[in-house]
Amino acid sequence: MPPQSRDGRRLEAHHNPLEPFRLHRRGAYRQKQVDREPRAVPNDVVEDLFTSLGCHRDRALFSMFLSSGARAAEMLGMTIGDIHPGEGRIYVQTKGLGGAKEACPASPEAFAWLALYLGDLAQDGHRPAPDEPVWWTLRGPTRPLTYTALRAVLNRINARIGANITLHDLRHTLCLRLIEDPAITLVDAQQVMRHRRITTTSTYLRPRIDEVITKVHEHYTRPKPPPRPLTGWTYDPDDLADVFGNR
């Protein structure tokens, strides 16, 4: 069978199949990408992160990231009209949908922090309209929060707690938490994460190497139970006589 490309078609389809076929090396700038496992933030690091947050805006932001799975651009593009606390959801503009918005779940804690943050904005004299952004700067003239400013906030937290968390790590963390919940199916997790293919969500089913090493180490160090004595049966004397003779 001739070699095929990733889309199932025959490589070098214009080549005469009756002539010898020579495989070509991969181009120098088309190297195969490493299949990296999803990076989840451990629970103790998440606690350290929230402890380091110094304002209601940042607490609301990171609570929304951890409970909705929204991407950074989606979160920063959200408007006041996209918030629906009574329904427990927010609406974000997902890439590739031509401007259409999709619903994302959000936790009650995230909406509580969001209410406190919007209350702080109102006390400062700023009440965003329904079509205005949700997230605003806290220093200087009030302006919409940018991705660069959000990364600066996260970089300061990483330096404070000695971590290397990225915004996308929070999305991975939510997906792994959903998959570990036996009450949530893989299709449910796909819907929350808004993956186009179920195969993308199924990559989160692969066990993490640190968890595997821990379980195998526990296997090696687990005390072995003593062998149970054999009880409940005896040798038949006639069988012993047949084997060893009458002595």
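Note that the structure is a prediction, hence the values are computed from the model and not measured.

The subject of this paragraph is the overall build of the chain. Looking only at helices and strands, one finds 10 helices and 3 strands in the chain. Beginning at the N terminus, the succession of helices and strands in the chain can be written as α-α-α-β-β-β-α-α-α-α-α-α-α. Considering the chain as a whole, with its 247 residues, one finds that 30% of them fall into the buried category. Contacts in the chain between residues at least 24 apart in sequence constitute 54% of all its contacts with a sequence separation of at least 6. Counting only carbon and sulfur atoms, one obtains 55% of the accessible surface of the chain, whose full area is about 17,500 Å².

Turning our eyes to something else, we now look at the pattern of salt bridges. With the rule as written, the count across this model stands at 5 salt bridges. Measuring nitrogen to oxygen at the nearest pair gives 2.7 Å for the salt bridge that ties Arg71 to Glu74. A relative accessible area of 4% means that Glu74 is categorised as buried. Glu87 is paired through a salt bridge with Arg89; the nearest N and O atoms lie 3.5 Å apart. Classification of Arg89 by relative accessible area gives partly exposed; the value is 33%. By sharing partners, the salt bridges in this structure join Arg71, Glu74 and Arg194 into a single network.

Moving on, we get to unusual backbone geometry. Positioned with a positive phi, Arg194 is a non-glycine residue whose angle comes to about 60 degrees. Among the structural elements, Arg194 can be located in the loop between α7 (186-193) and α8 (198-202).

Attention now moves to the environment of Cys175. One can find Cys175 in helix α6 (residues 167-180). Residues Cys175 and Ala189, 14 residues apart in the sequence, show an inter-C-alpha distance of 6.5 Å.

Further remarks concern the side chain of Arg71. Structurally, the position occupied by Arg71 is in the loop between α2 (56-68) and α3 (72-76). On the basis of relative accessibility, which here comes to 17%, the residue Arg71 falls in the buried class. A distance of 2.7 Å separates a polar atom in the side chain of Arg71 from a polar atom in the side chain of Glu74. Sequence-distant contacts of Arg71, that is, excluding residues within four places in its chain, are made with Phe65, Thr94, Lys95, Arg171, Met193 and Arg194.

Cut-offs and rules
Residues numbered from 1 in each chain as written. Predicted model: local features only at pLDDT ≥ 70, side-chain atom pairs only at ≥ 80, totals over all residues. Heavy atoms only, no water. Helix = DSSP H or I, 4+ residues; strand = E, 2+ residues; numbered from the N terminus. Buried < 20%, exposed > 50% of the residue type's maximum accessible area, 1.4 Å probe, protein only. Contact = heavy atoms within 4.5 Å. Areas by Shrake-Rupley, 256 points an atom, 1.4 Å probe, with all protein chains shown as cover. Salt bridge = Lys/Arg side-chain N within 4 Å of Asp/Glu carboxyl O. Polar contact = N/O pair within 3.5 Å; in protein donor to acceptor, adjacent residues only side chain to side chain.

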